[in-house]
Amino acid sequence: MKIEFYQKSQILKTCLLLSFLGIAIDLSNGGVYANNLSGNLTVEINGFRNREGQACVSLFASSQGFPNNRKNVVQRQCNKITSVPLIVNFRNLKAGNYAVAIIHDTNGDGTLNRNDLGMPIEGYGFSRNPEIRTAAPKFNDAAVLIAGPNTSVQVQLKYLD
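## Focus: the overall build of the protein
Each helix and strand counted, the protein has 2 helices and 10 strands in total. Listing the helices and strands of the protein from first to last along the sequence gives α-β-β-β-β-β-β-β-β-α-β-β. Per-residue burial over the protein gives 34% buried out of 161 residues. Sequence separation of at least 24 residues holds for 66% of the intrachain contacts in the protein that already meet a minimum separation of 6. When the accessible surface of the protein is split by element, carbon and sulfur atoms take 51% of a total near 10400 Å².

## Examining a nonpolar patch on the surface
Together, Leu117, Met119 and Leu160 give the surface a local cluster of nonpolar side chains, amounting to about 330 Å² of exposed area. On the basis of relative accessibility, which here comes to 74%, the residue Leu117 falls in the exposed class.

## A few points about the packing of aromatic side chains
Under the defined criterion, the tally for this structure stands at 4 aromatic pairs. Plain terms: the ring middles of Phe60 and Phe66 are 5.3 Å apart, the flat faces sit at 90° to each other, and that makes the pair edge-to-face. Judged by relative accessible area, Phe60 falls into the buried class, the value being 1%. Put simply, the rings of Phe60, Phe66, Tyr124, Phe126 and Phe139 touch in pairs and so form one group of aromatic residues.

Calculation rules
- Residues numbered from 1 in each chain as written.
- Predicted model: local features only at pLDDT ≥ 70, side-chain atom pairs only at ≥ 80, totals over all residues.
- Heavy atoms only, no water.
- Helix = DSSP H or I, 4+ residues; strand = E, 2+ residues; numbered from the N terminus.
- Buried < 20%, exposed > 50% of the residue type's maximum accessible area, 1.4 Å probe, protein only.
- Contact = heavy atoms within 4.5 Å.
- Areas by Shrake-Rupley, 256 points an atom, 1.4 Å probe, with all protein chains shown as cover.
- Patch = residues over 30% accessible without salt bridge, like charges linked within 9 Å, V, L, I, M, F, W, Y side chains within 5 Å.
- Salt bridge = Lys/Arg side-chain N within 4 Å of Asp/Glu carboxyl O.
- Phe/Tyr/Trp six-rings, centres within 6.5 Å; stacked < 30°, edge-to-face > 60°.

Structure (structure tokens):
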């Protein structure tokens, strides 16, 4: 009797844990299957020096190419700066880690322009606002977990001049 209660308790705990992780159990068929979890990411961008040009927001799902290789971008949006903060939405993202790289593209050419020394002359920012010293942050320093229906991040743009 005691063992049966313990076994039922363990099964219930396991089911709750799997449910939390997005894995469903169909006890009638004896099967286990993973839900196709997806969510939305809302990016709120602050700190614009002015409303000239556009904000280009690139979304990466891995460290490959982060933060500036367009071949590795999952989604990218360039939007006119109509209000501050500027809100950008990415929809139907599979559950996982993502990182955002943003540029304030004042001249509208779609790239982060630099001076002769290689320093950015336009504003830039990253999800989780990591400290930036001599190089762009690593993917893990900017990564945000998408594990529910709606996730939001706030990004504060930086300017070097």
